[in-house]
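Structural characterization, general
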Amino acid sequence: MKTEEEGKSQFYTCNCFTTDNIFLKDYKLHVRFESEQQFRLDYHALLRRLGCVTDQQFEDVLHEVSQEVDRRRRLSVTSAERAAVIKDVYQPLHPHVYHLQESYLTPKFKQIVELCRSGDPSEHSLLGLLEEEAAPQVYRFPVFEKSFCEELVEELEHFEQSSAPKGRPNTMNHYGVLLNELGFDEGFFTPLREQYLHPLTSLLYPDCGGRCLDSHKAFVVKYDMNEDLDLSYHYDNAEVTLNVSLGKEFTEGNLYFGDMRQVPLSDTECSEVEHRVTEGLLHRGQHMHGALPISSGQRWNLIIWMRASQERNKLCPMCNRKPTLVEGEGFADGFTKHSNASLNVSCVLT
């Protein structure tokens, strides 16, 4: 069920989504594209230094970027079309996993949430239940029971093997599933965010929107020896991110965290964080991070980007400008035309 406030809200995308933060995997570079002239002026010399030395290589990059801009312009329509086809043709393997049940959640996670809901948790009592990693304000805790993780991965593999259309999560993750298109939002991720994650983010991240999260984007990414192996250093289009390791068997592939995106890379020391199956890592979306390569096996990660329109309406986290809004489907990129009032929170940990 959506909250009354969400029921009233129309969510939007910032116009920069079409042109900014386009990832060129071959050169490990995020670029911006408004015109061919602008792109040549901004990136020709840099790309040459990164190994794009021939005219043909540069033309290939131009083609890749132009295609991505066109894909993003059509994204809202094509995503809605895919979701409609999936609903019509896809037969789920495990229909029950589309609806959140308390039995899917670990006792420790439920204990953490109950403590946050109690109204006056002390810093000592809450942090005693969370593992704080070497990187600041990165917390680890068990989220889902292993049996649920296994069934969810089976469902996603079943979907992958079906003839239903599939959209990729973003330009950095080429293998995975957009869970809103598969029908998970209303019955699973909206109640998970509202009822279980919001009490926790309200206390841990009050300074970056944790108290007023009102939308999300949930997707799964897959790492495989024959597909994507790793994930380059980046920040998320989110105020708060939860990253849960679902399985399967894999070796290596630790996450690493640097500093907030405003800190130059030259001034940053990164910390590795092991990612264990069933456990989630909760962090600020603007905290720079990446994933080291797996060395064997296959790994599935559930990513939930949680957004606070009250924060992003003031400044788009992706282009650092006041957002210019474009209508979107569903939660879009979490912008609204008004700032929602903060939800009531009786205690904040600082």
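Scroll up for the structure.
This section reports on the structure supplied with the text. Please read these numbers as outputs of a predicted model, since none were measured by experiment.

1. Notes on the side chain of Glu181
Note that Glu181 resides in helix H9 (residues 179-182). A residue is classified by how much of its surface remains accessible, and Glu181, at 4% relative accessible area, is buried. Aside from chain neighbours lying at most four places away, what touches Glu181 is Ser79, Arg82, Ala83, Ile86 and Gly167.

2. Remarks on empty space enclosed by the protein
All told, the structure shown has three cavities of 30 Å³ or more when counted by the stated rule. By volume, the second largest cavity is sized at about 40 Å³. In this structure, the second largest cavity is lined by Ile86, Phe159, Pro165, Lys166, Gly167, Gly176, Val177, Leu178 and Glu181. Tallying contributions element by element places strand S6 (residues 176-178) first for the lining of the second largest cavity, with three residues. Taken together, the residues that form the lining of the second largest cavity break down as five nonpolar, two polar and two charged.

3. Quick notes on the packing of helix H3 (residues 36-49) against helix H4 (residues 55-73)
Between H3 and H4, whose axes approach to 12 Å, the crossing angle comes to 130°. In terms of their interaxial angle, H3 and H4 are classed as oblique. Where H3 crosses over H4, the two elements pack in a sense that is right-handed. Residues Glu36, Phe39, Arg40, His44 and Leu47 of H3 lie in contact with H4, whose contacting residues are Phe58, Glu59, Val61, Leu62 and Val65. Across the contact of H3 with H4, the residue classes tally to six nonpolar, one polar and three charged.

4. Quick word on the layout of surface pockets
Its boundaries defined by the atoms lining it, the second largest pocket holds a volume of some 330 Å³. Cys208, Glu239, Gln286, Glu311 and Pro317 are the residues nearest the centre of the second largest pocket, which is lined by 17 residues in total. Residues belonging to the lining of the second largest pocket are distributed by class as follows: six nonpolar, four polar and seven charged.

5. A few points about the environment of Val263
Looking at the element boundaries, Val263 is found in the loop between strand S11 (255-260) and strand S12 (271-273). As for Val263 and His287, which are separated by 24 residues in sequence, their C-alpha atoms are 9.8 Å apart.

6. Notes on the packing of aromatic side chains
One pass over the structure, following the stated rule, counts 18 aromatic pairs. Taking the centre distance of 5.7 Å and the plane angle of 55° together, the rings of Phe33 and Phe39 count as tilted. Of the residues examined, Phe33 reaches a relative accessible area of 11% and is grouped as buried. Classification of Phe39 by relative accessible area gives buried; the value is 0%. On the numbers, 6.1 Å between centres and 50° between planes, the contact of Phe184 with Phe189 is tilted. A single burial state applies to Phe184 and to Phe189, both of which are buried. If you follow Arg193 out to its NZ or CZ, it ends over the ring of Phe331, 5.4 Å from the centre. Over the ring of Tyr223 we find Arg299; its NZ or CZ atom is 5.0 Å from the centre of that ring.

Rules behind the numbers
- Once a new chain begins, its residue numbering starts again from 1 and follows that chain's sequence as written.
- Predicted model: local features are reported for residues with pLDDT of at least 70 only, side-chain atom pairs are reported and counted for 80 or more only, and whole-chain, interface and lining totals are derived from all residues.
- Water and hydrogen atoms play no part in the side-chain values, which are based on all heavy atoms of the structure.
- Segments assigned H or I by DSSP are reported as helices when at least four residues long, segments assigned E as strands when at least two residues long, and all are numbered from the N terminus.
- With a 1.4 Å probe rolled over the protein chains alone, any residue whose accessible area is under 20% of its type maximum counts as buried; one over 50% counts as exposed, and the rest are partly exposed.
- Working rule for contacts: check all heavy atoms of both residues, and any pair within 4.5 Å makes them a contact.
- Put plainly, a pocket is an open set of points on a 1 Å grid over the protein atoms alone with protein on both sides within 12 Å along at least five of seven lines, a cavity is a set where a 1.4 Å probe fits but cannot get out, and a lining residue has an atom within 4 Å of a point.
- Grid points are joined across faces, edges and corners, and a volume is the space filled by probe spheres set on the points.
- Three classes are used: nonpolar for Ala, Val, Leu, Ile, Met, Phe, Trp, Tyr, Cys and Pro, charged for Asp, Glu, Lys and Arg, and polar for all others, with Gly counted as polar.
- In this analysis, axes come from line fits to C-alpha atoms, helices being fitted only over the stretch in contact, and the angle between any two N-to-C directions falls in the range 0 to 180 degrees.
- Roughly parallel covers angles under 35 degrees, roughly antiparallel covers those over 145, roughly perpendicular covers 65 to 115, and oblique covers all other angles.
- For any helix crossing, the convention is left-handed if the near helix is rotated counterclockwise from the far helix by under a right angle, and right-handed if that rotation is clockwise.
- Only rings of Phe, Tyr and Trp enter the pairing, Trp through its six-membered ring, and a pair is recorded when the two centres are within 6.5 Å. The plane angle decides the type: under 30 degrees is stacked, over 60 is edge-to-face, the rest tilted.
- Criterion for a charge above a ring: Arg CZ or Lys NZ at most 6 Å from the ring centre, at most 35 degrees from the ring normal.

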